[in-house]
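Now for the letters of each chain:
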Amino acid sequence: MAIHFEDIKEFIGSRVSWDKREDLFTPEAGQLIRQKVAERTVLVFPQLGPTDEEQLAITNLIGPKVRLTNTTNVQSNDEDVYQVTLDEKINPQPEYVLGTFFWHMDGITVDMPPPFATLLSCRIAPSKGGETEFASTYAAYEGLPDEEKAELEGMKAVHSVRASLSPIHDAIPEKHRERVLGIGLIKEHPLVWIHENGRKSLVIGTTADHIVGMSVPAGRAMLTRLAEWAAQPAYSLRHKWTEGDFVIWDNTGAMHRAVPYDKSTGRMMHRTSVAGTEAVA
Ligand code: OGA
Ligand code: MN
């Protein structure tokens with residue numbers, strides 16, 4: 001098995017290459033990829049061009065796969081593959097995808113551990129916009145001054161879809177606004193996630209509404225500052241999609257967002273998720 005990893009930036013990202021394509025679809029590759037995702041946060045497989053079956057196979061080899069969204073997509077051939085698109089013929093709930101324009105972690109407001117990894121394959125690359133950005137919440141925590149680390153430990157934030165969609169509340173048609181904003185649960189999570197292996201990361205993003213026990217303005221300002229800190233160039237990465245590109249990232253150690261794009265670009269990504277093994281703790 002010959003799979004190669006080349007750092008993209010010091011703290012985040014590796015570009016993957018392979019001698020034989022079929023080597024990527026083995027249990028050994030699944031283990032290696034899982035370990036590299038945890039180490040490097042984002043893995044880019046340029047123009048791998050996986051089919052849905054291949055994407056599900058890799059997901060399960062890293063796996064097991066988990067279904068993040070109760071998909072209402074009508075053209076989905078397998079419901080474990082979520083089609084990320086603004087095309088209303090395929091996605092009758094575009095607000096959910098518009099919410100991806102803002103920094104977030106997947107599966108933070110559902111009743112299961114956040115997925116370990118998210119996998120996206122590019123089916124139609126947008127002509128303009130639509131890059132995906134990633135920010136390492138491990139590197140962000142690690143880079144904080146010691147006093148601030150100590151202050152944040154023990155704090156909790158309240159997360160909701162309503163909070164993450166607050167920049168677009170007034171753009172959601174009124175007749176289904178409340179239903180959309182009510183998606184998911186309201187969940188309290190520690191601000192600093194102490195993973196079972198002892199590593200620490202921040203649990204932030206626009207799902208975080210306020211800090212428990214802190215005034216709303218002070219808590220929100222702190223959450224905004226932490227997200228800005230994590231998104232600084234040293235800790236973040238932007239991927240410009242070419243059709244066929246495949247990216248896997250550690251959803252437990254990164255937030256991500258899409259650079260805004262228009263539905264007229266036809267942008268289409270296929271998403272799968274690997275189940276998480278630990279609750280935020
Ligand atoms: C998602 C997501 C980002 C993108 O589907 O959860 O955040 O660039 N997608 O489409
Ligand atoms: Mn997402």
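Predicted model only: the values in this text are computed from it and were never measured.

Asker: Mind laying out helix 2 (residues 52-62), listing which residues take part and the relevant values?
Answerer: The periodicity of an α-helix, 3.6 residues per turn, causes residues three or four places apart in sequence to face the same way. When we look at burial in helix 2, the residues that qualify are Asp52, Gln55, Leu56, Ile58, Thr59 and Ile62. For helix 2, the buried positions fall inside an angular range of 160° around the axis, keeping them on one side. Contacts made by the buried residues of helix 2 are with helix 1 (27-40), strand 4 (65-66), strand 6 (117-124), strand 14 (246-250) and strand 16 (268-274).

Asker: Report on the site of ligand 1, specifying residues and quantitative values.
Answerer: Every residue lining ligand 1 is accounted for by Val84, Thr100, His104, Asp106, Leu120, Thr132, His256, Ala258, Arg267 and Arg271. One of the side-chain N or O atoms of Arg267 is found 2.7 Å from an oxygen atom in ligand 1. For ligand 1, the protein covers 99% of the area, taking 290 Å² as the surface of the free molecule. Looking at the shell around ligand 1 residue by residue, the class counts come to three nonpolar, four polar and three charged.

Asker: Any chance you could break down the coordination of the manganese ion (ligand 2) for me, citing the residues and the numbers?
Answerer: By definition of the ideal shapes, four donors in a tetrahedron about a metal sit 109.5 degrees apart, and six donors in an octahedron sit 90 or 180 degrees apart. Donor atoms from the polypeptide that bind the manganese ion (ligand 2) are His104 (NE2), Asp106 (OD) and His256 (NE2), placed at 2.1 Å. Donor residues for the manganese ion (ligand 2), ordered by position in the chain, follow H-x1-D-x149-H. One end of the pair, Asp106, is in the loop between helix 3 (94-98) and strand 6; the other, His256, is in strand 15 (residues 254-258), and 150 residues separate them in sequence. A relative accessible area of 5% means that Asp106 is categorised as buried.

Parameters at a glance
- Residues numbered from 1 in each chain as written.
- Chains lettered and ligands numbered in written order.
- Predicted model: local features only at pLDDT ≥ 70, side-chain atom pairs only at ≥ 80, totals over all residues.
- Heavy atoms only, no water.
- Buried < 20%, exposed > 50% of the residue type's maximum accessible area, 1.4 Å probe, protein only.
- Helix = DSSP H or I, 4+ residues; strand = E, 2+ residues; numbered from the N terminus.
- Arc of directions from axis to C-beta.
- Contact = heavy atoms within 4.5 Å.
- Near = heavy atom within 4 Å.
- Polar contact = N/O pair within 3.5 Å; in protein donor to acceptor, adjacent residues only side chain to side chain.
- Areas by Shrake-Rupley, 256 points an atom, 1.4 Å probe, with all protein chains shown as cover.
- Nonpolar A, V, L, I, M, F, W, Y, C, P; charged D, E, K, R; others polar.
- Donors = N, O, S within 2.8 Å, 3.2 Å for Na, K, Ca; no water.

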